[in-house]
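Descriptive structure summary
One-letter residues, chain by chain:
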Amino acid sequence: MIIVTGGCGFIGSAFILDWLAQDREPVLNLDLLTYAGHPGNLRTVESHPGYRFVRGDIADSALVGDLLREHRPRAIVHFAAESHVDRSIAGPDAFIQTNVVGTARLLQAAHGYWSRLPAPEASAFRFLNVSTDEVFGSLGPSEPAFSETHPYQPNSPYSASKASADHFARAWCHTFGLPVITTNCSNNYGPRQFPEKLIPLMIHNALAGQPLPVYGDGRQVRDWLHVGDHCSALRAVLERGRPGETYNIGGRSERTNLEVVHTICRVIDEARPGRSHAALVRHVQDRLGHDRRYAIDDSKIAAELGWKPAVTFEQGIRDTVQWYLANGDWVASVTSGAYRRWVEQQYPALHSAA
Ligand code: NAD
Ligand code: DAU
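Residues numbered from 1 in each chain as written. Chains lettered and ligands numbered in written order. Predicted model: local features only at pLDDT ≥ 70, side-chain atom pairs only at ≥ 80, totals over all residues. Heavy atoms only, no water.

1. Observations regarding the packing of helix H7 (residues 198-207) against helix H11 (residues 313-326)
Packing of H7 against H11 leaves a shortest axis separation of 11 Å and a crossing angle of 50 degrees. As summarised for this structure, H7 and H11 are arranged oblique, according to the angle between their axes. The element H7 and its partner H11 pack so that their crossing is right-handed. Touching Ile199, Pro200, Ile203 and Leu207 of H7 are Phe313, Ile317, Thr320, Val321, Tyr324 and Leu325, all from H11. Each residue belonging to the contact of H7 with H11 can be placed in one class, and the counts come to nine nonpolar, one polar and no charged. (Axes fitted to C-alpha atoms, helices over the stretch in contact; angles between N-to-C directions. Helix = DSSP H or I, 4+ residues; strand = E, 2+ residues; numbered from the N terminus. Parallel < 35°, antiparallel > 145°, perpendicular 65-115°, else oblique. Left-handed = near helix turned anticlockwise from the far one by under 90°. Contact = heavy atoms within 4.5 Å. Nonpolar A, V, L, I, M, F, W, Y, C, P; charged D, E, K, R; others polar.)

2. Concerning the site of ligand 2
In the vicinity of ligand 2, 25 residues are found, and the nearest of them are Asp133, Glu134, Tyr158, Arg287 and Tyr347. At 2.7 Å, a backbone N or O of Ser83 approaches an oxygen atom of ligand 2. Counting only elements with at least two residues in the shell around ligand 2, the list comes to helix H3 (85-90), H7 and strand E8 (212-215). A per-class count over the shell around ligand 2 returns ten nonpolar, eight polar and seven charged. (Near = heavy atom within 4 Å. Polar contact = N/O pair within 3.5 Å; in protein donor to acceptor, adjacent residues only side chain to side chain.)

3. Structural notes on the pattern of salt bridges
Summed over all chains, the structure comprises 18 salt bridges. Residue Arg242 is joined to Glu245 by a salt bridge in which the shortest nitrogen-to-oxygen separation is 3.6 Å. Taking the relative accessible area as the measure of exposure, Glu245 reaches 23% and is therefore partly exposed. Glu245 is the salt-bridge partner of Lys300, the closest N and O atoms lying 2.6 Å from each other. Here Glu245 lies in the loop between helix H8 (227-240) and strand E10 (246-249) and Lys300 lies in helix H10 (residues 299-305), a separation of 55 residues in the sequence. Owing to a relative accessible area of 18%, Lys300 belongs among the buried residues under this scheme. If you follow the salt bridges from partner to partner, you end up with Arg24, Glu25, Arg74 and Glu239 in one network. (Salt bridge = Lys/Arg side-chain N within 4 Å of Asp/Glu carboxyl O. Buried < 20%, exposed > 50% of the residue type's maximum accessible area, 1.4 Å probe, protein only.)

4. Let's talk about the sheet that holds strand E7 (residues 187-189)
Spatial strand order, E7-E9-E11: three strands in an open sheet with mixed pairing. Where the open sheet ends on each side, the last strands, each with one partner, are E7 and strand E11 (254-256). For this sheet, the mean inter-axis angle between neighbouring strands, taken without regard to orientation, is 50 degrees. (Pairing = 2+ DSSP bridges.)

5. Things to note about empty space enclosed by the protein
With the rule as written, the count across this model stands at four cavities of 30 Å³ or more. The space that makes up the second largest cavity amounts to roughly 60 Å³. Considering only residue class, the lining of the second largest cavity consists of three nonpolar, three polar and four charged. (1 Å grid on protein atoms, 1.4 Å probe; cavity = no way out; pocket = protein on both sides within 12 Å on 5 of 7 lines; lining within 4 Å. Points joined across faces, edges and corners; volume = space filled by probe spheres on them.)

6. Structural notes on the nonpolar core
Among the nonpolar cores identified, the biggest contains 34 residues, and Ile2, Val4, Phe15, Val77, Leu128, Ile249 and Ile301 are the most heavily contacted of them. Top element by residues in this core is helix H1 (residues 10-21). It accounts for seven residues. Contacts of Ile301, omitting those with residues within four sequence positions, involve Ala233, Val237, Tyr247, Asn248, Ile249, Gly306 and Trp307. Core analysis: the next-biggest nonpolar cluster, separate from the first, contains 32 residues, Met202, Val214, Val260 and Ile268 among them. (Core = buried A, V, L, I, M, F, W, Y, C linked by side-chain atoms within 4.5 Å.)

7. Some words on the sheet that holds strand E1 (residues 2-5)
Overall, parallel pairing links the seven strands, which are arranged E3-E2-E1-E4-E5-E6-E10 in an open sheet. Of all strands in the sheet, those with a lone pairing partner are strand E3 (51-55) and E10, marking the two edges. When the angles between neighbouring strand axes are averaged without regard to direction, this sheet yields 20 degrees. Of the strand pairs in this sheet, strand E2 (residues 27-31) and E3 are connected by five bridges, and their pairing is parallel. Bridged to Leu28 within E3 is Arg52. Helix H2 (residues 61-71) contacts E1, E2, E3 and strand E4 (75-78) of the sheet and is inclined by roughly 175 degrees relative to E2.

8. Side note on the site of ligand 1
Taken together, the neighbourhood of ligand 1 is formed by 28 residues, with Ile11, Asp31, Ser83, Tyr158 and Lys162 sitting nearest. Note that a nitrogen atom of ligand 1 is positioned 3.1 Å from one of the backbone N or O atoms of Leu32. Between an oxygen atom of ligand 1 and a main-chain N or O atom of Leu33, the distance comes to 3.4 Å. Relative to its free-state accessible area of 830 Å², ligand 1 is covered by the protein chains to the extent of 97%. Those elements that provide at least two residues to the shell around ligand 1 are H1, strand E5 (126-132), helix H6 (157-176) and E7. Broken down by element, the residue count for the shell around ligand 1 peaks at three residues, all from E5. For the shell around ligand 1, a count of residues per class yields 13 nonpolar, twelve polar and three charged. (Areas by Shrake-Rupley, 256 points an atom, 1.4 Å probe, with all protein chains shown as cover.)

9. Focus on unusual backbone geometry
Look at Asp23: it is not a glycine, yet its phi comes out positive at around 55 degrees. Relative to the helices and strands, Asp23 resides in the loop between H1 and E2. Here the phi dihedral of Arg252 falls at roughly 55 degrees; this positive angle occurs in a residue that is not glycine. Within the element layout of this structure, Arg252 appears in the loop between E10 and E11. By relative accessible area, Arg252 is classed as exposed at 52%.

As structure tokens, then:
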């Protein structure tokens, strides 16, 4: 079996759903259920014989040690994290606790378990550390995309905490021999993404006829990858990736934020004719320390593992808008009082103008 951490979040739940749909081994999902964790994301597999959920903290060494000894996984796929940059600016403590301390404790527990495995199981074991391209910092408009050898230059508390986690993962591999692989992926989008991130926030607000808050000039560039493609890349890395290596994962889809928002508006104009949703765009105060551009050089994963993204940005956005249109119940269930308080705190100008 495998252990997935953070499996009730956006990418972790997509990974578990795909994994079980492909009849692979059983999965144990360890998730603390923070504001970003929604057990309803996995409602369709709740009674699947290959699925088990444990609510708990990756930093709880005793719990993690017990789970490892009891279930003897052949891999840990580590998604659990605080993941939103704006929240890391508003309050970095949780990022330091989960992303840094939590990952270091998880590595320690994994090492304790792995070091007692018989040789064949130990050599087959993998610790897959799911990380981000943000650890590489920001690119100028014509600089080459991030390769795996690009220096780490994290700029936000979020990316600094993920960079720190990556360094601990590297150290546990180098010093103790734990078979760790780290992946650095670009911006994901798709079903079940919490509407604090750009794409689901814009879809949510446009459907509700609310302002679409674009930070600064909106010309910042991100590379966008459909979450299903991220999951297929992670499966390839888990099966064929080399321990001690890192792999960059990207969508070959660089877009400015304004391009993304206008694409979403066009798709929603077609689905809900009668108004131009682009008229809802408002330029608001920029994010502090806002990274200008991310881009991924995916030649290593393409050449070594034969992986490339399958979903185009245009098709992926259409499918994602359709998913949000069809799943109003999910949106209503996650946009609780706590969500409204976050939106009021994060977008004060829009809130006071409303
Ligand atoms: P998310 O915020 O949607 O989900 C995070 C999950 O982790 C939640 O279910 C939460 O309850 C759980 N969690 C948080 N703290 C925990 C703890 N201490 N113990 C156990 N569980 C805990 O995040 P996501 O967008 O699905 O991202 C998953 C991973 O992928 C993160 O490590 C993130 O850094 C990385 N990543 C995300 C993106 C992206 O675009 N979203 C891109 C590249 C990499
Ligand atoms: O690059 C991978 C990273 O992508 C992941 O590691 C992070 O977990 C994930 O949150 C994401 O980080 P970003 O900061 O790039 O994503 P976000 O969706 O928050 O913002 C995308 C861009 O849109 C960024 O330039 C900021 C801008 N933005 C965002 C929001 C929420 C706006 O203009 N307005 C907004 O309201």
